[in-house]
Amino acid sequence: MWSKLALLIIKNRRLLVGLLAIITAFMAWKAKDVEMTYDFAQVVSPDDPDMVYFQQFKNTFGEDGNVLVLGLQDSSVYRLGNFNELRLLTDTLSKVEGVSGVLSVTKLIQLTKDTTNQRFATAPIFRTFPQTQRELDSLMQIVNRQEFYKGQLISPTTGATLLALTMDPKYLNSSKRQAVMKNVLGHAERFTKKTNIRLHYAGLPYVRSTMTTKVAGEMKFFLMLAALVTSATLLVFFRTWSAVVFPLLIVGVAVIWCVGTIVLLGYKITLLTGLIPSILIVIGIPNCTYLLSRYHYDYRISGNQVLAMVRVVRKIGLVTLMNNTATATGFFVFCFTNIAILYQFGWVATLSIFAAFFISIILIPIVFTYLPPPTPKQLEHLDAKPLTKLLEFFDYLVLERRGTVYGIAFVLCALGALGASRLQAVSYMVDDLPKNSSVNSDLKFFEEHFNGVMPLEIVVDTGKKRGILKLSNLERIDRLENYLRTQPELTSPISIVTFLKAATQTFYNGDPSYYRLPDNSERNFILSYLARSRGAIAAPTDSAVASTAGTKTAAASPKLSTGMDDKLLRSFTDSLGQKARISLKIADIGSRNLDTLLLTKIQPQINEIFTGTGMEVKMTGTTILFTKGNEYVIGTLRNSLIHAFGLVGLIVLLLFRSIRSVFFTLVPNFVTLLLTAGIMGFFGIALKPATALIFCIALGIDGDNSIHLLAKFRQEMAANGRRVRAAISTTLSEAGTSMIYTSIVLFVGFSIFAFSEFGGTKALGLLMSASLLITNFSNLILLPALLVTFEHGKDETIDSALIQHYDEQYHEEDDDLELNLNRIKVKPGASLPPASLPQSGELS
């Protein structure tokens, strides 16, 4: 079959090149429409109870992660001139398309008591802008008496202040986001230039925008860097530019197909799919390396380009396909998940790997039978002395020092197990960004002055219509909020309780000592004031409450029996007055610390306060879903690794029809993964979604090497009368060359990801490079040692239809005659058949 395929390819070169050109042109036309994703990946299953509840929360109260925060700490901002610039910045930002509202100290409103009409009203603190520093100082004293804003807008301990911008979700989840962010940051930078006051930025919109920009930039950077380093590696190996240019052209075509596939499948570029083009170059080049190395080897023996290329396809075509299948398996297992970002990554990578194989198996024979034959100098790499000496050393260890090999393997496995036991599953909201990045440094500013900016929500369901306004229920919520204030990782909560406290303070003419819930004697008076306030109170919820709580787009507007304005409580309660929302911000303390805070501190307090009341209290929000998402992804990848082992074993079983071959393949690969896990443990590299990916990918690539060596070993066993030691020596000397070449290409290729700004991508590069070094020990020393120990040369059924044996002496004249090579029309540049072959064919 593979012989006929080789002849078909060479005989129909023009047709196949034209067909590939048409497909590539179509894929390039589709690739121009590729888009970046503008939303964080939903890694939790849509059917998960917590995700279902979070969606219900958003339907009731709106988004919790659409606030962009600008912070500053500089006393000079309260000088009249700088304060005016802050006012101008606030007014300018409020007019930016995509910004729904802006809250800053210059636009603060306060509740006022209208004794004439016995109602509350709202009025801006800065009704007219102060004309003197004295006026400004006087108004700032009023600001500082507003207990409602303390810890929300102004830090009571450091004096830092912030601007909260509520972003329109329609812009956040589209390509318009970048333009909005650029506009906002441009105005902020102009403020800094005028005042010399540094601004800090935080909030999920800012983090998402920054990551999207970096993903797009790194995708282009790594494409160029991957092409550069693989070019240099190929030039060193093959010493000819044709062996550099055309493999790069082949993987370039594969990259175009990859991007076109993303568009055809309706996907967008994510943090993971953005890596595939670069990974494809790294993985696709070894296909060309295998084929070219074998082509040079066969050409040196036969002296005939066409015959050498046919032998290449016939002898290693199936094995290379199986190698690519094993590699693709490491990605394909992600298709079994219901996590969109992993599912898309798995499908695109799998299809792209097979596409790269078929492009290689078609274009390599076509191109290199058109080109002039390799010169003797270009074939010198087959006898490279350092490589030969290294392989001879491996041969010595395998045949003469197997006990030492097993001893070293045992010690390394023990160390690997010890290191793996130290692995910890922990991740941070922005841990993919470098520690010294502006995002992280700005995040620390907000954690220092405001305890954080990541959203956290608590929903109290009283189970009864209008149950929220029952004083006993409000007091329980107040008890919970008082406890939350004691946690240093949390900001001061904001809820219906804090608003009613502000109303009580206003009722007593703004005296801060009355910032509390009304008691039974006060309740009716205060609620009657609120009942008469319909239409008089709108600003607090529209700007202040909405921005600090994290939404301005509540889905429902409550109309309680108190007669309160329907805008007043829309960010606090649902439309029935049954559920209340407590909004907080939390520091990025990591998934482990977050679990500890939620499960061992807050949840027990909730149980203590609300048990037996019939009220249900749940924590939700983007931050909690992020933590659950990490746990979900890691658990999913653990299952995917098991699937990957099973699929690699199945591939080996189908290829070799031998259970022992499955054992020989999986044991060295298990050792590689165990040592990789050990390295992670010893160097404190946390287990998180980005690093958990490595194990499945590494298993696929390492399985590729195992299959390659086993295939060569089986072929040699069939060729030399099943003499194990001789077969091992020949296998190491021949297959070892291409395996080391491939490992070097992969090592250098994956090393480029160490230059990434994303922690997960950097870990992928470093750990994959380490895995590739380890796999040379496991597949070129440990695997052959196992074969010598357990393979005794007994007869074993080998499917000759699947694997054609190698014959070192190349006594294959009869096979070559059957190929009818003399009937192939060969273009100038392809070497003529040697004299021993039929010469009657027409050469054109």
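In what follows, the accompanying structure is described. Computed from a predicted structure; not experimentally measured.

Most of strand β2 (residues 99-103) sits out of view: 4 of its 5 residues are buried. As paired strands, β2 and strand β5 (residues 161-167) are joined by 4 bridges and run antiparallel to one another. If you follow G101 over to β5, its bridge partner there is T166.

Two numbers describe how helix α8 (residues 204-238) lies on helix α24 (residues 724-751): the axes approach to 9 Å, and their chain directions differ by 155 degrees. If you check the angle between α8 and α24, you find them roughly antiparallel. Judged by the twist between their axes, the crossing of α8 over α24 is right-handed. Residue-level contacts link V229, T230, T233 and F237 of α8 to Y741, I744, V745, V748 and G749 of α24. Within the contact of α8 with α24, the residues separate by chemical class into 6 nonpolar, 3 polar and no charged.

Sheet architecture is open: 3 strands sit in the order β8-β7-β9, paired in antiparallel fashion. Across the chains shown, the open sheet's two edge strands, defined by having one partner strand only, are β8 (579-586) and β9 (616-620). Here the strands of the sheet are splayed against their neighbours by 20 degrees on average, with no regard to which way each runs. Here strand β7 (residues 454-461) runs beside β8; their pairing, made up of 8 bridges, is antiparallel. By the bridge assignment, E457 is partnered in β8 with S583. Sheet strands in contact with helix α21 (residues 622-656) are β7, β8 and β9, and its direction is about 105 degrees off that of β7.

Each pair of packed helices gets described by two things: the angle between the helix axes and the distance between those axes. For the pair helix α11 (residues 305-332) and α21, the least separation of the axes is 9 Å and the interaxial angle reads 165 degrees. With respect to α21, the element α11 is oriented roughly antiparallel. Here α11 and α21 pass one another in a crossing that is right-handed. Note on element contacts: α21 touches α11 through A644, L647, V648, I651 and L655, opposite L318, M322, T325, A326, T329 and F332. Taken together, the residues of the contact of α11 with α21 sort by class into 9 nonpolar, 2 polar and no charged.

In this model, helix α22 (residues 659-682) (24 residues) spans 35 Å end to end at C-alpha, consistent with the 34 Å of a helix rising 1.5 Å per residue. A side-chain oxygen of the first residue of α22 lies 3.3 Å from the backbone nitrogen of R660; this N-cap is S658. Positive backbone phi, approximately 70 degrees, marks G684, located one or two places after α22.

Basis of the calculations
Residues numbered from 1 in each chain as written. Predicted model: local features only at pLDDT ≥ 70, side-chain atom pairs only at ≥ 80, totals over all residues. Heavy atoms only, no water. Buried < 20%, exposed > 50% of the residue type's maximum accessible area, 1.4 Å probe, protein only. Helix = DSSP H or I, 4+ residues; strand = E, 2+ residues; numbered from the N terminus. Pairing = 2+ DSSP bridges. Axes fitted to C-alpha atoms, helices over the stretch in contact; angles between N-to-C directions. Parallel < 35°, antiparallel > 145°, perpendicular 65-115°, else oblique. Left-handed = near helix turned anticlockwise from the far one by under 90°. Contact = heavy atoms within 4.5 Å. Nonpolar A, V, L, I, M, F, W, Y, C, P; charged D, E, K, R; others polar. Expected span 1.5 Å × (residues − 1). Polar contact = N/O pair within 3.5 Å; in protein donor to acceptor, adjacent residues only side chain to side chain.

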